[in-house]
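Structural overview
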Amino acid sequence: MRDLRVRFGGLQAVDGATFDVGQGSMTALIGPNGAGKTTVFNLLTGFIRADSGVVRFAGHDIFRERPDRIARLGLVRTFQLTKVLSKMTVLDNVMLAAPDQPGARLDRAVFRRSWRTREDEVRAEALELLEEVGIATHAGAYAATLSGGQKKLLELARALMTRPRLVLLDEPMAGVNPTLGRRLLDYLGRLRAERGLTILFVEHDMETVMGASDDVIVMAEGAVISRGTPDHVRTDPRVIDAYLGAEPTHA
Ligand SMILES: Nc1ncnc2c1ncn2[C@@H]1O[C@H](COP(=O)(O)OP(=O)(O)O)[C@@H](O)[C@H]1O
Ligand SMILES: [Mg+2]
């Protein structure tokens, strides 16, 4: 994305932000509260229309593109799929996110594989994902019965079920216990290694950021103020200033 801008009334929430995320990387997006991180995610995934700028993804111009088109290109964010369907089971929530792969349709036509077979495959994959994100024991429960942290994990499973190329995770560890959080990061690391999944995640805990990513983008007041290795950004005076000058967190 280049020189992305959006204004909400009198507030320039994103003010000429520019960065790129390399294919197959795991990049952390950090910055004080109100820096514009979530808004950037909204802009990239089409939930909010930017005023100006350039956004390209995997060779496509996706500036002001529709959210469903962007998702179909393989760019998804957890928030986009957040609306867990409360009156549906956890397992059904994940199964519903499965892409209707053209390959599956072709299989059915050519090899006369039954719909049932496809459904079994989807179920198996969904259960495996639930296992990986640590909520498999809740597969049969209504999504409404999950805790806040567990709902986040369900959202993650739903996002991954779409087989994205780039996943944007907005504070994925918030409300998740540290042991499970570490397991999640390991799992994301494996998806990255095995499938070439690209990950951009917002995270407040610096220790987590340091452990999980070798590339950090720092935003403040709607723009990117630093970029580099965790050690580089941690000692960058601009970053220290931005955090010191930030409003205290009210969350
Ligand atoms: N839909 C919106 N309408 C008006 N202001 C918004 C909206 N979304 C975010 N903002 C404001 O834009 C700024 C950036 O917010 P946000 O992107 O959520 O920051 P971050 O995720 O970095 O904490 C904040 O001042 C926030 O209050
Ligand atoms: Mg945010």
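What counts as what
- Residues numbered from 1 in each chain as written.
- Chains lettered and ligands numbered in written order.
- Predicted model: local features only at pLDDT ≥ 70, side-chain atom pairs only at ≥ 80, totals over all residues.
- Heavy atoms only, no water.
- Helix = DSSP H or I, 4+ residues; strand = E, 2+ residues; numbered from the N terminus.
- Contact = heavy atoms within 4.5 Å.
- Core = buried A, V, L, I, M, F, W, Y, C linked by side-chain atoms within 4.5 Å.
- Buried < 20%, exposed > 50% of the residue type's maximum accessible area, 1.4 Å probe, protein only.
- Axes fitted to C-alpha atoms, helices over the stretch in contact; angles between N-to-C directions.
- Parallel < 35°, antiparallel > 145°, perpendicular 65-115°, else oblique.
- Nonpolar A, V, L, I, M, F, W, Y, C, P; charged D, E, K, R; others polar.
- Salt bridge = Lys/Arg side-chain N within 4 Å of Asp/Glu carboxyl O.

**Here's the deal with the environment of Leu4**
Tracing the backbone shows Leu4 in strand β1 (residues 2-8). When the C-alpha positions of Leu4 and Leu43 are compared, they lie 8.6 Å apart, and in sequence the two are 39 residues distant. With residues up to four places along the chain from it excluded, the contact list for Leu4 reads Val14, Asp15, Gly16, Ala17, Leu43, Ala50, Ser52, Gly53, Val54, Val55 and Phe63.

**Quick notes on the nonpolar core**
One finds Val94, Leu130, Leu154, Leu160, Leu188 and Ile199 to be the most contacted residues of the largest nonpolar core, which totals 48 residues. The element that contributes the greatest number of residues to this core is helix α6 (residues 148-161), accounting for seven residues. Here Leu188 is in contact with Met26, Leu156, Leu160, Leu169 and Ile199, once residues within four sequence places are set aside. With 25 residues, the next largest nonpolar core counts Val6, Val14, Leu44 and Val202 among its residues.

**Thoughts on the packing of α6 against helix α7 (residues 178-195)**
Remark: α6 packs on α7, axes separated minimally by 13 Å, with the N-to-C direction vectors making an angle of 5 degrees. Regarding the angle of α6 to α7, the classification is roughly parallel. For the pair formed by α6 and α7, the contact residues are Leu153, Leu156 and Leu160 on the first element and Leu180, Leu184, Tyr187, Leu188, Leu191 and Arg195 on the second. Split into classes, the residues belonging to the contact of α6 with α7 amount to eight nonpolar, no polar and one charged.

**Some details on the pattern of salt bridges**
If charged atoms from side chains of opposite charge come close, those side chains can pair. Summed over the entire model, instances satisfying the criterion amount to 14 salt bridges. In this structure, Glu119 and Arg123 form a salt bridge, with 3.4 Å as the shortest nitrogen-oxygen distance. Pair noted here: Glu119 and Arg123 are both in helix α5 (residues 115-133), with a separation of four residues, about one helical turn. The partner of Asp231 in a salt bridge is Arg234, with the nearest N and O atoms 2.3 Å apart. Here Asp231 pairs with Arg234, and both are found in helix α9 (residues 230-235), just three residues apart, close to one helical turn. By relative accessible area, Arg234 is classed as partly exposed at 45%.

The values reported here are purely geometric and, on their own, carry no functional implication.
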